[in-house]
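# Breakdown of the fold
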Amino acid sequence: MKLSKTIEEIRADFPILSMKVHGLPLVYLDNGATTQKPEQVIRLMDELYRTANANVHRGVHFLSDIVSEKYESARETVRAFINAPKKEEIIFTAGATASINAVAFSFGEKYVREGDEIIVSEMEHHANIVPWQMLCGRKNAVLKVIPFTDEGVLDLEAYRGLITDRTRIVAVTHASNVLGTVNPVKEIVAHAHKHGIPVLVDGAQSIQHGVVDVSDIDCDFFVFSGHKVYGPNGIGVLYGKEKLLNDLPPYQGGGDMVATVSFRKTTWNELPFKFEAGTTNFTGAIALAAALDYLTSLGREAVAEREQSLLEIATAGLSSVRGVRIYGTAPRKVSVVSFLPGDIHQYDAGMILDKLGIAVRTGTHCAQPVMERFGISGTIRASIAFYNTAEEIDALVKGVRKVTEMFD
Amino acid sequence: MNINEIQDQIIDDFSLFSDWMERYEYLIELGRTLPPFDPSHKVPDYIIEGCQSKVWLYPEFKDGIITFSADSDALITRGIVALLVKVFSGRTPDEITGADIYFIDRIGLRQNLSPTRSNGLLAMMKQMRLYALAFKSKQEHK
């Protein structure tokens, strides 16, 4: 598979990549936290505020019509991007975290009772742990955890053992933000469905790395954030199967989510509006669709291939530095490498790398249970995007070598 | 030396370095020279938890003077911890609460004490002042 543009053309699309930090060229390897935005997205946002700004679904006037049309067309773009059956199954939220919280609340209100069980995995980031813990607290329910192996692979046998007749929902990440592991979500879903249990898949770290097909995975909910897939922040998506979404109560009340309102009784609007109370981030949604279009035009499989080859270079390069240990060595990974150079503290290493112009994330990556599993206080994480280059990976490896020399 | 004289001396020391690399190497050295921290004080009461690095701070108050011992799990943080101990330890509560700390800015380490860094240093400085206030009120109510 070939990208539709050269790497020079691609890098030129992302203005921030030509920036200098501390007098050195920026090497941006913190894409797992947030991705940079192409001109196509930046310009569109600017243009929307200049030429197409009015509240959606509210007015009969010209501008409101234009924006509403663009907003609904963005919904269709998202639907096609993840291959959801229906446009009405796409809900715009503030991000993956907001989407998970929405499900934890609405689903929890309807289906979770005292003594029921919810299954998550040990490699979730906090956004896919805490909302379920809060739900368990409200309902006196029990949170159960699928463990992972030393390589960072989910223990599926343990998972099957966790399912009981009290299990109400399984919430699991598609790809780990720390270990990079791509989980066999299709298999996880199929097993849960045998017991009639729905599954939420957290796609925050998978959506940007190739083709995601929710119909094929057959998950009941799928969530992701705009800012991790080259779109703006403050926008995200909740996909849910129509029947389930129809069954669930709304989690926020307000404008646009209602059909009729009186002080005696209010009735809910239909999907997707039932879950989009108040003025949504329509500019963000339209810009997110532009980001998805950008990826599609590059070729999503080609994007994934390029990232995999950069991942291989990074893994080999970092492994060649004396004392470096890589956390997460699963056979199927997204382009994320977590590591520690010997006993050197990740914060020390991160400070030196920053001075060399290299942006990586250090710390617990909002996944403290993963750190606990390995008995460490944090890692350094390089998360790679298709716009990164082999030279940048080389700069990282050299930087890490420098760090080991300094702290030796 | 009073607090300002010590701060000026630190600024002098750092003015010898021409680039950030030397400054950091010096900080790493400083971190290594910090007196060992009594392991029995490495308990939750004395920890200042940052998202990026941890700091431990233990105060002793004797004859009107506060002595601080401190530690960190990260070496660069520990170097800055050593500087803060140098400035604040062996002082009266009044000296500490009245101090104007300007050396951090002047030696180019301000980013290390920004609230967003979450390395425990800013909280450590606040905690030192809080201990000073607490010891002061204890002294006055004797």
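As the structure is a prediction and not an experimental result, all values here were calculated from the model.

So, on to the packing of helix α10 (residues 282-298) of chain A against helix α11 (residues 300-319) of chain A. Residue and element names in this part refer to chain A. Direction vectors running N to C along α10 and α11 enclose 80°, while the axes themselves pass 5 Å from each other. What the angle tells us is that α10 and α11 run roughly perpendicular. Residues L295, T296 and L298 of α10 pack against R300, A302 and V303 of α11. Of the residues that constitute the contact of α10 with α11, the class distribution is four nonpolar, one polar and one charged.

Let's shift gears to the interface of chain B and chain A. Taken residue by residue, the interface counts 13 residues in chain B and twelve residues in chain A. Looking at the side of chain B that touches chain A, the elements that each hand over two or more residues are α2 (20-33) and α3 (75-88) of chain B. With four residues, α2 of chain B is the largest single contributor of residues to the side of chain B that touches chain A. Here the residues of the side of chain B that touches chain A sort into seven nonpolar, four polar and two charged.

Right, let's get into the domain arrangement of chain A. All names here are of chain A. For chain A, the domain assignment lists domain 1 (7-30 + 299-406) and domain 2 (43-296). Here the C-alpha centroids of domain 1 and domain 2 sit 28 Å apart. Counting from both sides, the interface comprises 24 residues of domain 1 and, opposite them, 23 residues of domain 2. Among the elements of the structure, α11, β14 (336-341), α13 (368-374) and β17 (379-383) are those that each provide at least two residues to the side of domain 1 that touches domain 2. Top contributing element to the side of domain 1 that touches domain 2 by residue count: α11, with five residues. For the side of domain 1 that touches domain 2, the per-class residue count stands at eleven nonpolar, six polar and seven charged.

Residue and element names in this part refer to chain B. Spatially, β1-β2-β3 is the arrangement adopted by the three strands of the open sheet, whose pairing is antiparallel. Both edges of this open sheet fall to β1 (47-49) and β3 (65-72), since each of them pairs with a single strand only. Going from strand to strand, the sheet's axes swing by 25° on average, the running direction of each strand aside. In this sheet, β3 lies alongside strand β2 (residues 54-62) in antiparallel orientation, the contact comprising eight bridges.

Residue and element names in this part refer to chain A. Counted residue by residue, strand β7 (residues 167-173) has five buried out of seven residues, so it is predominantly covered. Pairing of β7 with strand β8 (residues 199-202) involves four bridges; the strand directions are parallel. Residue pairing for β8: V172 is matched across the bridge by V201. Handedness of the crossover joining β7 and β8 through helix α7 (residues 185-194) is recorded here as right-handed.

Before going further, it helps to examine the sheet that holds β7 of chain A. As a general point, the strands of a sheet are linked pairwise by backbone hydrogen bonds and lie either parallel or antiparallel. Residue and element names in this part refer to chain A. Ordered in space as β4-β10-β9-β8-β7-β5-β6, the seven strands form an open sheet in which the pairing is mixed. Since the sheet does not close on itself, it has two edges, and those belong to β4 (90-93) and β6 (142-146), each with one partner. Taking the axes of each pair of neighbouring strands and ignoring which way they run, one obtains an average angle of 20° across the sheet. Pairing between strand β5 (residues 117-121) and β7: three bridges, direction parallel.

Attention now moves to α10 of chain A. Residue and element names in this part refer to chain A. Along its 17 residues, α10 runs 25 Å from first to last C-alpha, staying within 8% of the 24 Å computed at 1.5 Å per residue. Summarising burial for α10: twelve of the 17 residues are buried, a large majority. Within α10, the full set of buried residues consists of F282, T283, G284, A285, I286, A287, L288, A289, A290, A291, L292 and L298. Its buried side turned inward, α10 meets α2 (39-51), α3 (62-82), β4 and α11. Phi turns positive one or two residues past the end of α10, at G299, with a value near 105°.

Moving on, we get to unusual backbone geometry. Residue P272 of chain A is reached from L271 of chain A by a cis peptide bond, and omega for that bond is -5°. For P272 of chain A, the position within the fold is in the loop between β12 (266-268) and α10. The phi dihedral of D63 of chain B is positive, around 50°, even though this residue is not glycine. Counting through the fold element by element, D63 of chain B comes out in the loop between β2 and β3.

Residue and element names in this part refer to chain B. With 14 residues, α3 should reach 20 Å at 1.5 Å per residue; the first-to-last C-alpha distance of 20 Å fits that figure. Where burial is concerned, most of α3 is hidden: 13 out of the 14 residues are buried. One or two residues past the end of α3 sits G90, with phi positive at roughly 80°.

Moving on: the packing of α11 of chain A against helix α14 (residues 390-406) of chain A. Residue and element names in this part refer to chain A. Where α11 contacts α14, the two axes come as close as 10 Å, and the packing angle between them is 20°. Considered as vectors, α11 and α14 are oriented roughly parallel to each other. Here α11 runs over α14; the crossing is right-handed. Side by side, α11 and α14 meet where L310, I313, A314, G317 and L318 of the first sit next to A390, I393, D394, L396, V397 and V400 of the second. Across the contact of α11 with α14, the residue classes break down as nine nonpolar, one polar and one charged.

Residues and elements named next belong to chain A. Within β14, six of the six residues are buried, which leaves the element mostly enclosed by the surrounding structure. The pairing of strand β13 (residues 324-327) with β14 spans four bridges and is antiparallel. Within β14, the residue paired with Y327 across the bridge is S338.

Parameters and conventions
Residues numbered from 1 in each chain as written. Chains lettered and ligands numbered in written order. Predicted model: local features only at pLDDT ≥ 70, side-chain atom pairs only at ≥ 80, totals over all residues. Axes fitted to C-alpha atoms, helices over the stretch in contact; angles between N-to-C directions. Helix = DSSP H or I, 4+ residues; strand = E, 2+ residues; numbered from the N terminus. Parallel < 35°, antiparallel > 145°, perpendicular 65-115°, else oblique. Contact = placed C-beta atoms within 7 Å. Nonpolar A, V, L, I, M, F, W, Y, C, P; charged D, E, K, R; others polar. Domains from an automatic or database assignment. Pairing = 2+ DSSP bridges. Buried ≥ 20, exposed ≤ 12 C-beta atoms within 10 Å, placed from the backbone. Right-handed = clockwise from strand over helix to strand, strands pointing away. Expected span 1.5 Å × (residues − 1). Left-handed = near helix turned anticlockwise from the far one by under 90°.

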